[in-house]
Amino acid sequence: MSSPFHSHHKVIINDANSERNVLLRVKHAKGDIVIEEFQVSPGTTKHLDGLINDTEYLFEIKAEEGQFILNAT
């Protein structure tokens, strides 16, 4: 799953009610990897340092089957 993402000083939150860990990586819209794959466990936050304002990013998300609540703020 990929979605556009704009701005700077952002975080990804895997809600405490999510069933499992998720693996994510961030790419530029052209496909270049910006942030290598990282894990976010339920109830934890990952700061996304180094993103550039006014730049579109894609998130690739991998996880085992289950229900997840992810927030980007």
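Thresholds, definitions, all that
- Residues numbered from 1 in each chain as written.
- Predicted model: local features only at pLDDT ≥ 70, side-chain atom pairs only at ≥ 80, totals over all residues.
- Heavy atoms only, no water.
- Phe/Tyr/Trp six-rings, centres within 6.5 Å; stacked < 30°, edge-to-face > 60°.
- Lys NZ or Arg CZ within 6 Å of the ring centre and 35° of its normal.
- Pairing = 2+ DSSP bridges.
- Helix = DSSP H or I, 4+ residues; strand = E, 2+ residues; numbered from the N terminus.
- Axes fitted to C-alpha atoms, helices over the stretch in contact; angles between N-to-C directions.
- Contact = heavy atoms within 4.5 Å.
- Salt bridge = Lys/Arg side-chain N within 4 Å of Asp/Glu carboxyl O.
- Buried < 20%, exposed > 50% of the residue type's maximum accessible area, 1.4 Å probe, protein only.

Enquirer: Please give an account of the packing of aromatic side chains that cites residues and values.
Expert: Summed over all chains, the structure comprises 0 aromatic pairs. Taking NZ or CZ as reference, Lys-46 lies 5.3 Å from the ring centre of Phe-38, over its face.

Enquirer: Summarise the sheet that holds strand β7 (residues 70–72); cite the residues concerned and give the values.
Expert: Taken in spatial order, the 3 strands line up as β5-β2-β7 in an open sheet, and their pairing is antiparallel. Two strands close off the open sheet at either side, each with one partner strand: β5 (44–48) and β7. Recorded for the sheet is a direction-independent mean angle of 15° between the axes of neighbouring strands. As paired strands, strand β2 (residues 10–14) and β5 are joined by 5 bridges and run antiparallel to one another. In the sheet register, Val-11 faces β5, and the bridge partner there is His-47.

Enquirer: Which residues make up the environment of His-28, and what values do they have?
Expert: When you line up the elements, His-28 lands in strand β3 (residues 22–28). For the pair His-28 and Thr-55, spaced 27 residues apart in sequence, the C-alpha to C-alpha distance is 7.7 Å. Excluding residues that lie within four positions of it along the chain, His-28 makes contacts with Val-34, Thr-55, Glu-56, Tyr-57 and Leu-58.

Enquirer: Which residues make up the pattern of salt bridges, and what values go with them?
Expert: Overall, the coordinates contain 4 salt bridges when judged by the stated rule. The partner of Glu-60 in a salt bridge is Arg-25, and the shortest N-O contact between them spans 2.7 Å. You can see Glu-60 sitting in strand β6 (residues 57–62) and its partner Arg-25 sitting in strand β3, a full 35 residues away along the chain. Residue Glu-60 is classed as partly exposed on the basis of its relative accessible area, which comes to 25%. With a relative accessible area of 26%, Arg-25 lands in the partly exposed category. Here Lys-27 and Glu-60 are joined by a salt bridge, their closest N and O atoms 2.9 Å apart. Taken together, the positions of Lys-27 in strand β3 and Glu-60 in strand β6 put the pair 33 residues apart, joining distant regions of the chain. Take Lys-27: its relative accessible area is 16%, and that puts it in the buried class. Linked by salt bridges that have partners in common, Arg-25, Lys-27 and Glu-60 make up one network.

From the geometry alone we can't say anything about function, so treat these as descriptive.
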